[in-house]
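So you can see what is in the structure, the chains are spelled out below.
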Amino acid sequence: MILKPIPEGEIVATVIFSCVSFLLMGLVLVLFFYYSRKKITQKELEKRDLEIQYQKEQLHAVIITQEEERKRIAQDLHDDISSKLNVVSLNCYLLNSPNLTEKETAEITDNIINLTAKALDNSRKIAHNLLPPVFEKFGLHAGVEELCEEFESSKAVKVQYTNEINFDKKDIDRHLHVFRILQELMNNSLRHGKATEIRIYFKDINGIATCNYEDNGIGFDDTKVADYKGLGMKNIDSRVSFLNGTIKISSQIDHGIAVSFTF
Amino acid sequence: MRLFFVNLGYALLLLNFILYALHYSKQTKVYKIFTGYIFVIVCVQIATYTCFRLYNNNLFLSHFYFIGQFIMLSLFYSKLVKGDFQKKVIRIGLILVLSTLVIQYTVKPELFLKFNLYEIFITSFLIIIYATFHFYNMLDEKKEFYFINMGVIMYLFGSTILFLVGNLTTNFSAKFSFITWTLNVVLYAIYQLFILYEWKVSFSKSKKEKVLE
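How each quantity is defined
Residues numbered from 1 in each chain as written. Chains lettered and ligands numbered in written order. Predicted model: local features only at pLDDT ≥ 70, side-chain atom pairs only at ≥ 80, totals over all residues. Contact = placed C-beta atoms within 7 Å. Helix = DSSP H or I, 4+ residues; strand = E, 2+ residues; numbered from the N terminus. Nonpolar A, V, L, I, M, F, W, Y, C, P; charged D, E, K, R; others polar. Pairing = 2+ DSSP bridges. Axes fitted to C-alpha atoms, helices over the stretch in contact; angles between N-to-C directions. Parallel < 35°, antiparallel > 145°, perpendicular 65-115°, else oblique. Left-handed = near helix turned anticlockwise from the far one by under 90°.

Draft legend 1. Up close: the interface of chain B and chain A. The partner chain A presents 20 residues to the 19 residues of chain B that form the contact. Mapped by element, the contributors of at least two residues to the side of chain B that touches chain A are α5 (117-138), α6 (146-164) and α7 (166-169) of chain B. A per-element tally of the side of chain B that touches chain A places α5 of chain B first, with eight residues. Residue composition of the side of chain B that touches chain A, by class: 13 nonpolar, five polar and one charged.

Draft legend 2. Here's a closer look at the sheet that holds strand β3 (residues 208-215) of chain A. All names here are of chain A. On the basis of which strands lie adjacent, the open sheet formed by five strands has the order β1-β2-β3-β5-β4 and mixed pairing. At either end of the open sheet lies a strand with only one pairing partner, and these are β1 (158-163) and β4 (247-251). Going from strand to strand, the sheet's axes swing by 10° on average, the running direction of each strand aside. Two elements, strand β2 (residues 197-205) and β3, share eight bridges in a ladder whose sense is antiparallel. Each bridged residue has a counterpart across the sheet, and for Tyr-201 the counterpart in β3 is Asn-212. Across the sheet, helix α3 (residues 133-154) lies against β1 and β2, angled at about 170° from β1, the strand it touches most. Contacts from helix α4 (residues 172-191) reach β2, β3 and β5 (257-262), with the element oriented near 10° to β3.

Draft legend 3. Geometry of the pairing of β4 of chain A. Taken together, the five bridges between β4 of chain A and β5 of chain A define a ladder with antiparallel strand orientation. Within the sheet, the bridge partner assigned to Lys-248 of chain A lies in β5 of chain A and is Ser-260 of chain A.

Draft legend 4. View of the packing of helix α1 (residues 2-22) of chain B against helix α8 (residues 174-203) of chain B. Residue and element names in this part refer to chain B. Two numbers describe how α1 lies on α8: the axes approach to 9 Å, and their chain directions differ by 25°. Put simply, α1 runs roughly parallel to α8. In this structure, α1 meets α8 at a crossing whose hand is left-handed. Touching Arg-2, Phe-5, Val-6, Leu-8, Gly-9, Leu-12, Leu-13, Leu-15, Asn-16, Leu-19 and Tyr-20 of α1 are Phe-178, Thr-182, Val-185, Val-186, Tyr-188, Ala-189, Gln-192, Leu-193, Ile-195, Leu-196 and Trp-199, all from α8.

Limitation: the analysis is restricted to geometry and does not speak to function.
Have a look at this one:
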């Protein structure tokens, strides 16, 4: 078979087109790489901004909580202790006054003794509220037990508490967060949820300590959970993140609330 | 060997067309355009085969193949990509390429009987750019038509060069010119496999799920 000679122009055209197409495809590749990098960096920056924003919010919540707590303690001190000590000091001045009958002296001393006892009792209560001594001495389990008893005795609520975990006393700093979370949840259940029954259940799931918390209060719509995130909830969130745990809150209107967090 | 791949390519193309056409009515517009693209290719392939049998010359059909592929894939990507800029680029590209080709063929009608290098280059190259757009969009979004996009890029990268040297190979002896065309046919079969895989991953389940619901 005799081959037709290939015209030179044809070969040159082919070579030029091939060369140009390779070049341009290379250019496309380079541009793609350049813009992709830019896009990825931008996404990362956005993510970091979000994280910083979140951290700022948490810090904000911590500061506000601290201030609220100070206000509460100041109020407690002022109402329960300072006022009583004021009366005591007044009574002491009275004792100094001349021409007191024996009966009057006895009355004033009785008053002083009563008021000091009350002030002492109140200061003990305030200290107890700040950090329960049972928790400090005997750990989380005893602390929660006492917390439950307090709620049961003082208010119209039934608390069912089950624990399957043996808490290590070395982790008491971490457990304090758990205790605070439960305190906050129970307060919320009573104050906002109007719950009459609360269940707390500590369980070990594959080596991860988990706490399940349920109540039968009025609940809320958990699809709009962002709207309900008050200071208390933010506080719980930041405590869970301190514990490197996860938290899941589910609730429906009139069906109570179920919270499950790991620590 | 070559015949095997030719038949494999045809069989896969037909299978893809049937599979994509099966779910046609329930799918998005992008999916419909892609099914249309497969349909156009099937038509071109049938025409190619018939012409080869009847006249032993089907080179002029390559223009229908390139232009048909370009129009359908342009429409496909113009629906698929996000953002006004990319859509605009694709629309302007489509109009410009079609008008320049019309001018070229009216000025030089004899180009119709051989491979038109400009046509091969511009249609493949623009589609590669559009596919790159789509890859860029998919960096941070849901993967849609991911495997099809991969297949398009791979096939076009390979086949463009093979078609560009097409005018030279028609002058080769049959033995050598078959080598390049076999290569093209293998690439084509791989491309069809990508399309098939996309169907399996993205669309084969949709029907079952709907039944379950």
